[in-house]
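For reference, the chains in residue letters:
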Amino acid sequence: MTDVFGVLADDPITELAAQTRAQGMYPYFLPLEKSEGTEVVMEGKRLVMAGSSNYLGLNGHPRVRAAAIEAVQRFGMSCNGSRLMNGTLAMHLELEERIARFLGKEDALLFGTGYQCNVGAISALLGPADVAVCDKEVHACILDGVQMAGAQLARFRHNDSADLEAVLKLYAGTPALVIVDGVYSMSGDRAKLPEIVSVARRNGARVYVDDAHGLGVTGPGGRGTAAHFDCVPDIDLITGTFSKALASGGAVVAGSAEVIDFMRHHARSLLFSVALSASSTAATLAALDVLESEPDRPIRTQRHADRVLKELRAMGYDCGTSETPVVPVLTRDAPTTAAAWKALLDRGIYTNPVISPGVAPGRERIRISFMATHTEAQIDQIIAAFADIADIVRPGQVES
């Protein structure tokens, strides 16, 4: 076939997808027939879900469902317009006020998705005269936002404050925004915010934290990574998604009232997209209510992760520097990753296989994550499955 798009011929990702499909080991875009929080049904088989970002187990919580249903009955399925025009609801303003207070910031602004939030915020605030200094493991949407902004991009070694300082000195005199994830979605470690803030301030840079996997999960009461390190006033902007711990849809950026109001009028992914639906907004408000009334949920989630990390490391698995409910199990190449994923699936465990370009070549992994609502029996099943497949991941090196 003539490649009129100029991208299809000899694409290695397409070729790998074709190979794994032919082997019956293609692990992506798999349709789930039913989801009940900690369990899902796929091809008629019930599986323990160990690959979801539903960290607090609130997706399907009765109060969250009821709030979403009531909002649909009042407002329908869509706001039918952007926030700028006809799409702003009173509950949008209520949620922005609640989230700003929850995160310890003056104001907040809602977006339709985490991707829209980061590309909208970054492209509104930066331009060709600015530099975005990003940790090498930040989420892809951060890099897309920098590209859309036309800003200069500089990278520093993951969680390495000395390298951050060296990079900032290269751009001395250039307005700089240091951008990090609060919790890194593929490695499960936290940004070293106290060190990063110190370096940034010493070099006249501002700090932006994408806390998609920290909001609701880490810090006192689930208030995020900045709260965990008690440095909320030192962070200029915090973003987070509702599609993970808060079990809904949409995202938020929080910061000073002045900066948020500027983005309200300049963030293109807000101005030219339909407003967050009433059902998602109401569900997020209800999820916040549950979190604030049941502050032990993040603690339970972390307890499950700590137990599994301890057991897997004792078996000889390399789980990197994870310290949160995101746990990577390094497999180091695509074939091993696919084989491990399939072996776990056969044992009733749903996980996430991550290969290049999602991670650097040689850093492929099985990514697992935990929910407050996982039972001890389900955690036992996850641990037993990894004990069974140890020889697949590290032949002859792991004792089960």
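S.K.: How do you make sense of the environment of Pro-335 when you look at a structure like this?
M.R.: By the secondary structure assignment, Pro-335 is in helix H13 (residues 334–346). Between the C-alpha atoms of Pro-335 and Gln-378, which are 43 residues apart in sequence, the distance is 27 Å.

S.K.: I would appreciate a short explanation of the layout of surface pockets in the present structure.
M.R.: Over the atoms rolls a probe the size of a water molecule, and in doing so it shows where empty space is left. By volume, the largest pocket amounts to about 760 Å³. If you go around the largest pocket, you meet 31 residues; those closest to its centre are Ile-13, Tyr-28, Pro-353, Ile-355 and Ser-356. Of all the secondary structure elements, the ones that give two or more residues to the lining of the largest pocket are helix H1 (12–22), H13 and strand E13 (352–354). For the lining of the largest pocket, the element with the most residues is H1, which contributes eight residues. Along the lines of polarity and charge, the residues of the lining of the largest pocket split into 20 nonpolar, nine polar and two charged. The space that makes up the second largest pocket amounts to roughly 560 Å³. Around the second largest pocket, the lining is made up of 24 residues, and of these Lys-136, Glu-137, Met-186, Gly-358 and Val-359 lie nearest the centre.

S.K.: How should I be thinking about the nonpolar core in this particular structure?
M.R.: In this structure, Val-133, Val-178, Val-180, Ile-235 and Phe-242 are the most contacted members of the largest nonpolar core, which totals 63 residues. Examining the composition of this core, we find that nine residues originate from one element, helix H11 (residues 278–293), more than from any other.

S.K.: Is there a simple way to think about the side chain of His-304 in this case?
M.R.: Here His-304 is to be found in helix H12 (residues 297–315). Leaving out residues up to four positions away in the same chain, His-304 has contacts with Phe-370, Met-371, Ala-372, His-374, Glu-376 and Ile-379.

S.K.: Is there a simple way to think about the packing of aromatic side chains in this case?
M.R.: Describing an aromatic ring pair means giving the distance of the ring centres and the angle of the ring planes. All told, the structure shown has two aromatic pairs when counted by the stated rule. Measuring from ring centre to ring centre gives 5.8 Å for Tyr-26 and Tyr-28, while their planes differ by 85°; the resulting arrangement is edge-to-face. Judged by its relative accessible area of 17%, Tyr-26 is buried. Owing to a relative accessible area of 28%, Tyr-28 belongs among the partly exposed residues under this scheme. Judged by centre distance (5.7 Å) and plane angle (90°), the rings of Tyr-317 and Phe-386 are edge-to-face. Here Tyr-317, found in the loop between H12 and strand E11 (326–330), pairs with Phe-386, found in helix H14 (residues 376–388); they are 69 residues apart in sequence, far enough to count as distant.

S.K.: What should I look at first to understand the packing of helix H2 (residues 62–75) against H11 in this one?
M.R.: The geometry of a pair of packed helices is captured by two quantities: the angle between their axes and the separation between those axes. Running from N to C, H2 and H11 point in directions that differ by 150°, and their axes come no closer than 8 Å. The orientation of H2 with respect to H11, classified from their angle, is roughly antiparallel. Crossing hand, H2 versus H11: right-handed. Touching Arg-63, Val-64, Ala-67, Ala-68, Ala-71, Val-72 and Phe-75 of H2 are Ala-278, Ser-279, Ala-282, Ala-283, Ala-286, Ala-287, Asp-289, Val-290 and Ser-293, all from H11.

S.K.: Where do I start with the confidence of the model for the chain in this structure?
M.R.: One rule of thumb: low pLDDT means the predicted coordinates there are not for detailed reading. On average, the chain scores 94 in pLDDT, and the residues at 70 or more come to 96%. The model gives residues 396–400 a pLDDT under 50, and that stretch makes seven contacts with residues more than four places away or in other chains.

S.K.: Mind showing me how you'd approach the pattern of salt bridges here?
M.R.: Opposite charge on two side chains makes pairing possible when the charged atoms of those side chains draw close. By the definition in use, this model includes 24 salt bridges. The partner of Arg-201 in a salt bridge is Asp-236, with the nearest N and O atoms 3.1 Å apart. Separated by 35 residues along the polypeptide, Arg-201 in helix H7 (residues 193–202) and Asp-236 in the loop between helix H8 (225–228) and strand E9 (237–241) bring together distant segments of the chain. Arg-201 sits in the partly exposed class, given a relative accessible area of 37%. Through salt bridges with shared partners, a single ionic network connects Lys-34, Glu-36, Glu-39 and Arg-46.

S.K.: Please clarify how the sheet that holds strand E10 (residues 251–255) should be interpreted in this entry.
M.R.: Strand pairing in a sheet relies on backbone hydrogen bonds. The paired strands run either parallel or antiparallel. Ordered by their spatial adjacency, seven strands build an open sheet running E4-E10-E9-E8-E7-E5-E6, and the pairing between neighbours is mixed. Edge positions in the sheet fall to strand E4 (107–111) and strand E6 (152–156), since each has one partner strand and no second. Shown here is a sheet whose adjacent strand axes are inclined to one another by a mean of 20°, direction ignored. Alignment of E4 against E10, held across five bridges, turns out to be antiparallel. Looking across to E10, one finds that Leu-109 is bridged to Val-253. Sheet strands in contact with helix H4 (residues 114–125) are E4, strand E7 (176–181), strand E8 (206–210), E9 and E10, and its direction is about 165° off that of E8. Packing of helix H5 (residues 140–149) onto the sheet brings it into contact with strand E5 (131–135), E6, E7 and E8, and relative to E6 it is tilted by some 150°.

S.K.: Which parts of the structure should I look at to understand the pairing of E6?
M.R.: Note that E5 and E6 share five bridges and pair parallel. Within E6, the residue paired with Val-131 across the bridge is Gln-152. Chirality of the crossover, the property in question, places the unit of E5, H5 and E6 among those that are right-handed.

S.K.: Honestly, the state of the cysteines in this entry has me stumped. Any pointers?
M.R.: Here, disulfide denotes a covalent bond that connects the sulfur atoms of two cysteines. Enumeration over the complete set of coordinates arrives at zero disulfides. We note that Cys-134 lacks a disulfide partner, and the nearest cysteine sulfur, in Cys-141, lies 10 Å from it.

S.K.: Is there a simple way to think about the sheet that holds E11 in this case?
M.R.: If you walk across this open sheet you meet the three strands as E11-E14-E13, and the pairing is antiparallel. In the strand order of this sheet, the two ends are held by E11 and E13, each with one partner. If you compare each strand with its neighbour and ignore which way they point, the axes differ by 30° on average. Inspection of the sheet shows E13 paired to strand E14 (residues 365–369) by three bridges, in the antiparallel sense. Its bridge partner being in E14, Val-354 is matched across the sheet by Arg-365.

Parameters at a glance
Residues numbered from 1 in each chain as written. Predicted model: local features only at pLDDT ≥ 70, side-chain atom pairs only at ≥ 80, totals over all residues. Heavy atoms only, no water. Helix = DSSP H or I, 4+ residues; strand = E, 2+ residues; numbered from the N terminus. 1 Å grid on protein atoms, 1.4 Å probe; cavity = no way out; pocket = protein on both sides within 12 Å on 5 of 7 lines; lining within 4 Å. Points joined across faces, edges and corners; volume = space filled by probe spheres on them. Nonpolar A, V, L, I, M, F, W, Y, C, P; charged D, E, K, R; others polar. Core = buried A, V, L, I, M, F, W, Y, C linked by side-chain atoms within 4.5 Å. Buried < 20%, exposed > 50% of the residue type's maximum accessible area, 1.4 Å probe, protein only. Contact = heavy atoms within 4.5 Å. Phe/Tyr/Trp six-rings, centres within 6.5 Å; stacked < 30°, edge-to-face > 60°. Axes fitted to C-alpha atoms, helices over the stretch in contact; angles between N-to-C directions. Parallel < 35°, antiparallel > 145°, perpendicular 65-115°, else oblique. Left-handed = near helix turned anticlockwise from the far one by under 90°. pLDDT = per-residue confidence, 0-100. Salt bridge = Lys/Arg side-chain N within 4 Å of Asp/Glu carboxyl O. Pairing = 2+ DSSP bridges. Right-handed = clockwise from strand over helix to strand, strands pointing away. Disulfide = S-S within 2.5 Å.

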